[in-house]
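Residue-level structure breakdown
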Amino acid sequence: MKRNLTFEEISDGKRYSSGDLAKIGCGDCNGCSECCRVTEDTIFLDPYDIYSLSAGLSETFATMLDKTIGLTVTDSVVTPFLKKKESDGACGFLNAEGRCGIHSFRPGFCRLFPLGRIYNDDGSFDYFIQVHECPYPNKTKVKIKSWLGIPSLGRYEEFVRTWHEIVKNISECMVDNPTLAREANVRMLKIFFETPYDMTEDFYSQFHERVLIYQGA
Ligand code: SF4
Ligand code: SF4
């Protein structure tokens, strides 16, 4: 997402790779669930998240839509997000014990926190620490790869780069050719979200097939 704050204002000024140690360890949250209580509909979901949620909940995007997933506009692009509870504004998956009810298949946004990603001009990205987001004191150093806990991280990071390019292109196109951009947004939603994934098949091969369809190859 684009924000008006500078990188230096929100981070320690450093860029990290997944093999680096970062001071983000928060003692398994130790009774805190602050970041899950104030999500404010900002847990944006990508196709990997939808695949993981579909597998974990035995649902499809269509059956989750309006119930656990909503659609919002961010950076001019219609994007799925995890809905908060109407009653108290907390994430719908935060359980009574103040723990994540879908920890093993929680979205990438949640896995990252309090890390963020910063993208470079060549499409690659680095991780950074959002230093003002998690109030836990005396954080310990943790390897980012372990923090994320995502299998086949190299393939996942390749997916993240590709997905970022697709969304960025739609967002940039909204300025020059909104009609074309809206059409691309509708196709993006249909191809990468609404069309159910085959849970017996690997995510990445299905994603790459869909990229080719999206690009009209
Ligand atoms: S704010 Fe920090 S310590 Fe609290 S639940 Fe979130 S990550 Fe854990
Ligand atoms: S999915 Fe889990 S980790 Fe993410 S905001 Fe909801 S309760 Fe918190």
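The structure displayed is predicted, hence computed values, not measured ones.

Some remarks on the site of ligand 1
Close to ligand 1 lie C26, C29, C32, S33, E34, C35, F113, C134, P135 and Y136, which account for all nearby residues. Taken together, the residues of the shell around ligand 1 break down into eight nonpolar, one polar and one charged.

Section: the side chain of R111
Mapped onto the elements of the fold, R111 is located in helix α5 (residues 108-112). Lacking a salt bridge, the buried R111 has D49 as its closest oppositely charged neighbour, with an N-O distance of 6.5 Å. Beyond its immediate chain neighbours, meaning those up to four positions away, R111 contacts H103, S104, F105, R106, W147, L148, G149 and I150.

Some remarks on the packing of helix α7 (residues 153-176) against helix α8 (residues 178-194)
One can describe the packing of α7 onto α8 by two numbers: an axis separation of 7 Å at closest approach and a directional angle of 155°. Taken together, the axes of α7 and α8 are roughly antiparallel relative to one another. Between α7 and α8 lies a crossing whose hand is left-handed. Side by side, α7 and α8 meet where W163, I166, V167, I170, C173, M174, V175 and D176 of the first sit next to P178, L180, A181, R182, A184, N185, M188, F192 and F193 of the second. Partitioning the contact of α7 with α8 into residue classes produces 14 nonpolar, one polar and two charged.

What about the state of the cysteines?
Considering all chains together, one arrives at zero disulfides under this definition. The thiol of C26 is unpaired, and the distance to the nearest cysteine sulfur, on C29, comes to 3.8 Å. Accessibility expressed as a relative area gives 9% for C26, which makes it buried.

Some remarks on the nonpolar core
In a soluble, globular protein the nonpolar side chains are often hidden away together inside. Judged by nonpolar contacts, the single largest core of 52 residues is most densely connected at F159, M188 and F192. Sorting elements by how many residues they give to this core places α7 first, with nine residues. Setting aside residues no more than four positions away along its own chain, M188 makes contact with V77, V78, W163, I166, V167, I170, F193 and Y214.

What about the packing of aromatic side chains?
If you walk through the whole model with that rule in mind, you get 22 aromatic pairs. Between F159 and F203 the ring centres are 5.2 Å apart and the planes differ by 90°, which places this aromatic pair in the edge-to-face class. Residue F159 is found in helix α7, and its partner F203 is found in helix α9 (residues 203-214); the two are separated by 44 residues along the sequence. As far as burial versus exposure is concerned, F159 and F203 are alike and both buried. Ring geometry for W163 versus F193: centroids 5.7 Å apart, planes at 75°, classification edge-to-face. A residue pair is termed long-range when its members are at least 10 positions apart, and W163 in helix α7 and F193 in helix α8 qualify at 30 residues. Of the residues examined, W163 reaches a relative accessible area of 9% and is grouped as buried. F193 gets classed as buried once you look at its relative accessible area, which sits at 1%. In this arrangement the basic side chain of R117 is found over the ring face of F125, its NZ or CZ atom lying 5.7 Å from the centre. Above the plane of the ring of Y197 lies R210, whose end atom (NZ or CZ) is 3.7 Å from the centre.

The rules behind each value
Residues numbered from 1 in each chain as written. Chains lettered and ligands numbered in written order. Predicted model: local features only at pLDDT ≥ 70, side-chain atom pairs only at ≥ 80, totals over all residues. Heavy atoms only, no water. Near = heavy atom within 4 Å. Nonpolar A, V, L, I, M, F, W, Y, C, P; charged D, E, K, R; others polar. Helix = DSSP H or I, 4+ residues; strand = E, 2+ residues; numbered from the N terminus. Buried < 20%, exposed > 50% of the residue type's maximum accessible area, 1.4 Å probe, protein only. Lys, Arg positive; Asp, Glu negative; His and termini not counted. Salt bridge = Lys/Arg side-chain N within 4 Å of Asp/Glu carboxyl O. Contact = heavy atoms within 4.5 Å. Axes fitted to C-alpha atoms, helices over the stretch in contact; angles between N-to-C directions. Parallel < 35°, antiparallel > 145°, perpendicular 65-115°, else oblique. Left-handed = near helix turned anticlockwise from the far one by under 90°. Disulfide = S-S within 2.5 Å. Core = buried A, V, L, I, M, F, W, Y, C linked by side-chain atoms within 4.5 Å. Phe/Tyr/Trp six-rings, centres within 6.5 Å; stacked < 30°, edge-to-face > 60°. Lys NZ or Arg CZ within 6 Å of the ring centre and 35° of its normal.

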